[in-house]
Amino acid sequence: QVQLVESGGGLVQAGGSLRLSCAASERTFSNVAMGWFRQAPGKEREFVAAINWSGSTTYYADSVKGRFTISRDNTMVYLQMSSLKPEDTAVYYCAADAAFRRDVVAIASKAYGYWGQGTQVTVSS
């Protein structure tokens, strides 16, 4: 019954920017650690960024550090992506901590029990 819905994906040229959004159907997620993951064709799903319940703590994969910013407000979680590269092309998923933990910013996908359907991001060269 819990649903997460991503939006904001699309086609962008290298060096451009996109802002992804994740909306949750449950109010509970406003106090739960959240993460962004991505999966490119033929590759495993990989961690991108995570944020604690208040937004005071964030963590990024080395591949996106300095280029991506995760943030949240009372209703949504965002992933601001800048200086995009072709290797950023993937389906991006938002996820909520499976145990409803507030401050654990996990990097393993198995720590997240609630997932959106994903939004496609394509970066052209």
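The coordinates are above.
Report on the accompanying structure. (Residues numbered from 1 in each chain as written. Predicted model: local features only at pLDDT ≥ 70, side-chain atom pairs only at ≥ 80, totals over all residues. Heavy atoms only, no water.)

With that out of the way, let us pick up the sheet that holds strand E3 (residues 18-24). Sheet strands pair via backbone hydrogen bonds, and the direction of the pair is either parallel or antiparallel. Here four strands make up an open sheet; going across it, the order is E1-E3-E8-E7 and the pairing antiparallel. Two strands bound the open sheet, and with one partner strand each, they are strand E1 (4-7) and strand E7 (68-72). With strand direction ignored, the average angle separating the axes of adjacent strands in the sheet is 15°. Alignment of E3 against strand E8 (residues 76-81), held across six bridges, turns out to be antiparallel. Across the sheet, Leu18 pairs through a bridge with Met81, a residue of E8. (Pairing = 2+ DSSP bridges. Helix = DSSP H or I, 4+ residues; strand = E, 2+ residues; numbered from the N terminus. Axes fitted to C-alpha atoms, helices over the stretch in contact; angles between N-to-C directions.)

For the coordinates displayed, the defined rule picks out one disulfide. With a sulfur-sulfur separation of 2.0 Å, Cys22 is cross-linked through a disulfide to Cys94. In this structure, the disulfide formed by Cys22 and Cys94 twists by about 55° around the S-S bond and is classed as right-handed. In this pair, Cys22 is assigned in strand E3 and Cys94 in strand E9 (residues 90-97), connecting sequence segments 72 residues apart. Of the residues examined, Cys22 reaches a relative accessible area of 2% and is grouped as buried. (Disulfide = S-S within 2.5 Å. Buried < 20%, exposed > 50% of the residue type's maximum accessible area, 1.4 Å probe, protein only.)

Relative to E3, E1 is paired through four bridges, and the arrangement is antiparallel. Residue pairing for E3: Leu4 is matched across the bridge by Ala24.

As a further point, take the environment of Asn52. Here Asn52 is to be found in the loop between strand E5 (46-51) and strand E6 (58-60). In the structure, Asn52 is positioned 19 residues away from Ala33 in sequence and 4.3 Å away in space, judged by C-alpha atoms. Polar side-chain contacts of Asn52 include one of 3.0 Å to the backbone nitrogen of Ser56. At 3.1 Å, the side chain of Asn52 and the side chain of Asp103 are in polar contact. (Polar contact = N/O pair within 3.5 Å; in protein donor to acceptor, adjacent residues only side chain to side chain.)

On to the packing of aromatic side chains. According to the stated counting rule, one finds eight aromatic pairs in the structure shown. Aromatic side chains Phe37 and Phe47 sit 5.7 Å apart centroid to centroid with 75° between the ring planes, which places their arrangement in the edge-to-face category. On the criterion of sequence distance, the pair formed by Phe37 in strand E4 (residues 34-39) and Phe47 in strand E5 is long-range, its members being ten residues apart. The pair formed by Phe37 and Phe47 is uniform in burial state, with each residue classed as buried. Each residue in the set Phe37, Phe47, Tyr59, Tyr112 and Trp115 is aromatic and connected to the rest through ring pairs, giving one cluster. Looking at Arg19, its charged tip hangs above the ring of Tyr78, at a distance of 4.1 Å from the centre. Against the face of Tyr93 rests Arg45, its NZ or CZ located 4.1 Å from the ring centre. (Phe/Tyr/Trp six-rings, centres within 6.5 Å; stacked < 30°, edge-to-face > 60°. Lys NZ or Arg CZ within 6 Å of the ring centre and 35° of its normal.)

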